[in-house]
Amino acid sequence: MNLSVPGRTLTAAVFALAGLLAAGAPAATAAPGAPAAALAAPDIPLANVKAHLTQFQSIATANGGNRAHGRPGYKASIDYVKAKLDAAGFTTTVQQFTSSGATGYNLIADWPGGDTGQTLMAGAHLDSVSSGAGINDNGSGSAAVLETALAVSRAQFQPAKHLRFAWWGAEELGLVGSKYYVNNLPSADRAKVAGYLNFDMIGSPNPGYFVYDDDPVIEQTFKGYFAGLGVPTEIETEGDGRSDHASFKNVGIPVGGLFTGASRTKTAAQAQKWGGTSGQAFDRCYHSSCDTTTNISDTALDRNSDAVAHAIWALSAGTTVPPGDVYENAADVAVPDAGAAVTSTVTVSGGTGNAPATLKAGVDVKHTYRGDLVIDLVAPDGTAYRLKNSSSSDSADNVIATYTVDASAEAANGDWKLRVQDVARYDTGYIDSWRLTF
């Protein structure tokens, strides 16, 4: 996991179900829901997951003590995972990119079948830092995702959604591999990714049980699993937006994931809840040479590996719900720097009654600093629904997201407006396009 504090780079974007509250304006909110009923996931054998970690350790030991980007240990790790997946019947692709003057690699593995228009992805970064073998960070997530993929093959699982697994390169240099993948994924293919699950450090030796709170359905899937084990969870904040899920979240793809803690100190309350040692880091070997196979909690790794499989089985079930009527305006509208709000209009006609409680507002605003932007959806009667507030900590570019708005109090027909204002200086942008889906 890369916990460095980024500047104006891709870090965190608000997706779909998460609009920020604003005074006097109703908020975009998540529609309640849960995954469709699914077959029970198989148990993921801890011994198998640990065998992969042993291989990653051996690879590091044979290659200068690490599996870092641009080093032979990373390419050997990719080759190991790819060979396992090829033998299990996956279609694998190695994607190359360049970072810091060295070639990097992403590994993508598709399981045959399922609706490719509804693709569920799960991934983990495979690189370590240069100072160690990276067994918890992030051999643990990589091994759990690999063994879950192999369990899909053993079960010959055929879910409704298409399954895709990924292992990312150069995460430790700033999410480079996953950004490269997402940035080179055509917009039509991005729209087919129903969700991305991220697993970065899930075997910390003094573990906590943290769940990402980005997408409510994914979040509840994980929380429900741990509740069934009698294991309480907390929302993940230590690495929020600083692992590979951010690359997907920033383009409007729903994300979720698990984490067991890095350099933060476990509190007394957390030790009482989870066991372990209070006043000590969740992982004292974070980004250090001692992050070896001895730096793993078997209990945490076992629970989280099973949770990976549970989420894959649960979230890939169900059928695709077709979209409703779509109204779009693709005309560019310049957003003045630190200026007045501008609007773009779509006219809805021919409908009956009110708008739905799950009205979707898809927004594509190109901007050099999205933290300066305030975005509202304005109904025909002038009621404003806040989609996004400005935030000095929201240091990414662009707003490409789909927001869900409870507009059931509004008449469907009439002129709907997307209103965008840049509230601070020194940045430029424009409304590229936006759409309403009823």
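Here the structure is a predicted model, which means the values were calculated and not measured. (Residues numbered from 1 in each chain as written. Predicted model: local features only at pLDDT ≥ 70, side-chain atom pairs only at ≥ 80, totals over all residues. Heavy atoms only, no water.)

Engineer: Now, about the side chain of Thr 148: what can you tell me, with residues and values included?
Structural biologist: Tracing the sequence through the fold places Thr 148 in helix α3 (residues 135-155). Thr 148 sits in the buried class, given a relative accessible area of 0%. Each residue touching Thr 148, except ones within four places of it in the same chain, is listed here: Ile 44, Phe 165, Ser 305, Val 308, Ala 309, Ile 312 and Trp 313. (Helix = DSSP H or I, 4+ residues; strand = E, 2+ residues; numbered from the N terminus. Buried < 20%, exposed > 50% of the residue type's maximum accessible area, 1.4 Å probe, protein only. Contact = heavy atoms within 4.5 Å.)

Engineer: With reference to specific residues and values, describe the pairing of strand β14 (residues 384-388).
Structural biologist: β14 sits mainly inside the fold: five of its five residues count as buried. Strand direction decides the pairing type here: strand β13 (residues 373-378) and β14, joined by four bridges, are antiparallel. Within β14, the position partnered with Ile 375 by the bridge is Lys 388. Between β13 and β14, which pair antiparallel one after the other, the connecting turn spans five residues, and Gly 382 there sits at a positive phi close to 95 degrees. (Pairing = 2+ DSSP bridges.)

Engineer: Can you explain the sheet that holds strand β6 (residues 210-211)? Please cite residues and give values.
Structural biologist: Pairing is mixed in the open sheet, where eight strands are placed in the order β1-β2-β4-β3-β5-β8-β6-β7. Taken across any chain shown, the strands that pair with only one partner, and hence form the sheet edges, are β1 (91-99) and β7 (234-235). Note: strand β3 (residues 115-125) against strand β5 (residues 193-199), five bridges, orientation parallel. Within β5, the position partnered with Ala 122 by the bridge is Leu 197.

Engineer: Explain the pairing of β3 to me, and be specific about the residues and the numbers.
Structural biologist: Taken together, the eight bridges between β3 and strand β4 (residues 161-168) define a ladder with parallel strand orientation. Note on β4: the bridge partner recorded for Met 121 is Arg 164. Tracing the backbone out of β3, into α3 and back to the parallel element β4 gives a crossover that is right-handed. (Right-handed = clockwise from strand over helix to strand, strands pointing away.)

Engineer: Report on the nonpolar core, specifying residues and quantitative values.
Structural biologist: Ranked by size, the top nonpolar core spans 65 residues in total, and within it Val 81, Leu 85, Phe 90, Phe 165, Trp 167, Leu 197 and Phe 199 carry the most contacts. If sequence neighbours within four positions are ignored, Trp 167 has contacts with Tyr 74, Val 81, Leu 85, Tyr 105, Asn 106, Leu 107, Ala 109, Ala 124, Leu 126, Ser 142, Val 145 and Leu 146. If you look at the next biggest cluster of nonpolar residues, it comprises 27 residues, including Val 335, Val 342, Trp 416 and Leu 418. (Core = buried A, V, L, I, M, F, W, Y, C linked by side-chain atoms within 4.5 Å.)

Engineer: Tell me what's going on with the packing of aromatic side chains, and back it up with residues and numbers.
Structural biologist: Taken as a whole and assessed by the stated rule, the structure comprises 19 aromatic pairs. Seen from their ring centres, Phe 210 and Phe 282 are 5.4 Å apart, and the 85 degrees between their planes marks the pair as edge-to-face. Pair noted here: Phe 210 is in strand β6 and Phe 282 is in the loop between α8 (268-274) and α9 (298-315), with a separation of 72 residues, a long-range link. Take Phe 210 and Phe 282: they sit in the same class, and that class is buried. Here the aromatic residues Tyr 209, Phe 210, Tyr 225, Phe 226, Phe 259, Trp 274 and Phe 282 are joined through ring pairs into a cluster of three or more. The cationic tip of Arg 67 hangs over the ring face of Phe 56; the distance from NZ or CZ to the ring centre is 4.9 Å. (Phe/Tyr/Trp six-rings, centres within 6.5 Å; stacked < 30°, edge-to-face > 60°. Lys NZ or Arg CZ within 6 Å of the ring centre and 35° of its normal.)

Engineer: Which residues make up the pattern of salt bridges, and what values go with them?
Structural biologist: This model, assessed by the stated rule, comprises 16 salt bridges. Across the pair Asp 298 and Lys 50 runs a salt bridge whose closest N-O atoms are separated by 2.9 Å. With a gap of 248 residues between them, Asp 298 in helix α9 and Lys 50 in helix α1 (residues 46-62) connect regions that are remote in the sequence. Across the salt bridge formed by Lys 388 and Asp 394, the nearest N and O atoms sit 3.6 Å from each other. Residue Asp 394 is classed as buried on the basis of its relative accessible area of 9%. Through salt bridges with shared partners, one network takes in Asp 364, Lys 366 and Asp 432. (Salt bridge = Lys/Arg side-chain N within 4 Å of Asp/Glu carboxyl O.)

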